Every structure is written in C-alpha cells, then in structure tokens.
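Report on the structure
Here is what each chain is made of, one letter per residue.
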Amino acid sequence: MSIDFTHFTPLSSLGGGLLIGLAAIMLIHFCGRIAGISGIVAGMLTKQTWKEGWRIAFLAGLIGSPLLFALFFPLPDINVQASWPVIIVAGLLVGIGTRLGSGCTSGHGICGLSRFSKRSLVATLTFMVVGIVTATLTGLWLG
C-alpha cells in the first residue's frame, strides 16, 4: 500500500470534517433533526416543505458550498467512467438501500454513531463491509 502524497490533503479533509460535524450539531441543536441526507430529501418529497424551511436551507448549503469553494479554489477534475444507465441504476440502488437501511451513510455514520446508536453502528459496519467487498470484487473482475 502506498499513499499518493500529491493528492493527500489532511488539512482540507480535517476542515471539511469539522464543517460537517458543525452542521450536524447545529441542525440537531436548533431544529432537533438528524442530518441524514436521505431523510431530508425524502421529507421534501412527502411533506409540506414550505413549513420546514430548514430542509431547503440545508440542501441549499449542501449544493451551494462547492460553488462558493470554487470562487476561491479550483475544483478537482471529475472523471466518471460509467455510462448513464449504470449511473442511474446505481443511484436507484443507493436509494433503495437507504430506505431498507432506515437511513444513509451520513445519517448513520455521522449522526447515529455520535449518538451511540447501536442500529447506526450495525448499519455503518454493514455499509463499510459491503463497500469493501464490492470494490475488491469489482477490481478483480474489471482489472
């Protein structure tokens, strides 16, 4: 195993993690809500969103943050080597998985673990193990 020191960015990673943690703390403190993206988006699709402006504000910050970042720093190049049908199917599978798992990686991994939720610990371990196995098998099959 080797570390790619060209793309190793511990300070910006730490800063990003601190901002995510701060956003999660502020959302639970001021709104009493968990910062799980799947739950926030699902709530926008099923509830009267205008009564819950925090959902719109949270998603606006989520989308607007990279745009604000791009004003000061160059965004990394994104090179997706999958076709649109594969991307769409993958997105649908992620959506189904978040519904089956009662939340997404952000809800369980960040907010659930910080609240010492046993369910979130099991979910996060499951996400990690399945992700590692999938990446390993995909790497072996696709070379």
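Structure: see above.
Since the model is a prediction, treat every value here as computed from it, not as a measurement.

**Section: helix 3 (residues 53-72)**
Between its first and last C-alpha, helix 3 extends 28 Å over 20 residues, near the 28 Å set by a 1.5 Å rise per residue. Residue Gly-64 marks the point of greatest curvature in helix 3, where the axis turns by about 35°; the proline Pro-66 follows within four residues. Where helix 3 is concerned, the buried positions are Trp-54, Arg-55, Phe-58 and Leu-59. Buried residues along helix 3 sit in contact with helix 1 (10-31) and helix 2 (37-46).

**Some thoughts on the state of the cysteines**
Inspection of the entire model under this criterion finds zero disulfides. The thiol of Cys-104 is not disulfide-bonded; the next cysteine sulfur, from Cys-111, is found 8.7 Å away.

**Some points on a nonpolar patch on the surface**
Judged by side-chain polarity, Leu-68, Phe-69, Leu-71, Phe-72, Phe-73 and Leu-75 come together as a nonpolar surface patch covering roughly 690 Å² of accessible area. A relative accessible area of 40% means that Phe-69 is categorised as partly exposed.

**Examining the packing of helix 2 against helix 3**
Running from N to C, helix 2 and helix 3 cross one another at 125°; their axes reach a closest spacing of 10 Å. When the interaxial angle is binned, helix 2 and helix 3 end up oblique. Relative to helix 3, helix 2 is oriented so that their crossing is left-handed. Residue-level inspection shows Ile-37, Gly-39, Ile-40, Val-41, Gly-43 and Met-44 of helix 2 in contact with helix 3, the latter providing Trp-54, Arg-55, Ile-56, Phe-58, Leu-59 and Leu-62.

About the thresholds
- Sequence order as written defines residue numbering, which begins from 1 separately in each chain.
- Local features in this predicted model are restricted to residues whose pLDDT is 70 or higher, and side-chain atom pairs enter the listing and the counts only when it is 80 or higher, whereas totals over whole chains, interfaces and linings include all residues.
- The side-chain quantities take in all heavy atoms of the structure and omit both hydrogens and water.
- The way it works is that DSSP assigns letters per residue, a run of H or I at least four long becomes a helix, a run of E at least two long becomes a strand, and they are numbered from the N terminus.
- By definition here, a helix of n residues has an expected span of 1.5 Å times n minus one.
- Working definition for bend: take the seven residues up to and ending at a residue and the seven starting at it, fit an axis to each, and measure the angle between the axes.
- We call a residue buried when its accessible area falls under 20% of the maximum for its residue type, exposed when it is over 50%, and partly exposed in between, using a 1.4 Å probe and counting protein chains only.
- Note on contacts: a residue pair qualifies if any of its non-hydrogen atoms lie within 4.5 Å across the two residues.
- The rule for a disulfide is simple: a pair of cysteine sulfur atoms within 2.5 Å.
- For patches, a residue must show more than 30% relative accessible area and have no salt bridge; joins then use 9 Å for like charges and 5 Å for nonpolar side chains, namely Val, Leu, Ile, Met, Phe, Trp and Tyr.
- Only the protein chains shown count as cover for residues, and all accessible areas are computed by the Shrake-Rupley method using a 1.4 Å probe.
- What makes a salt bridge here is a side-chain nitrogen of Lys or Arg within 4 Å of a carboxyl oxygen of Asp or Glu, nothing more.
- For every element, the axis is a line fit to its C-alpha atoms; helices are fit only across the contacting stretch, and the angle between N-to-C directions ranges from 0 to 180 degrees.
- Throughout this description, any angle smaller than 35 degrees is read as roughly parallel, any larger than 145 degrees as roughly antiparallel, any in the 65 to 115 degree range as roughly perpendicular, and the remainder as oblique.
- Left-handed describes a crossing in which the near helix is turned anticlockwise from the far one by less than a right angle; the clockwise case is right-handed.

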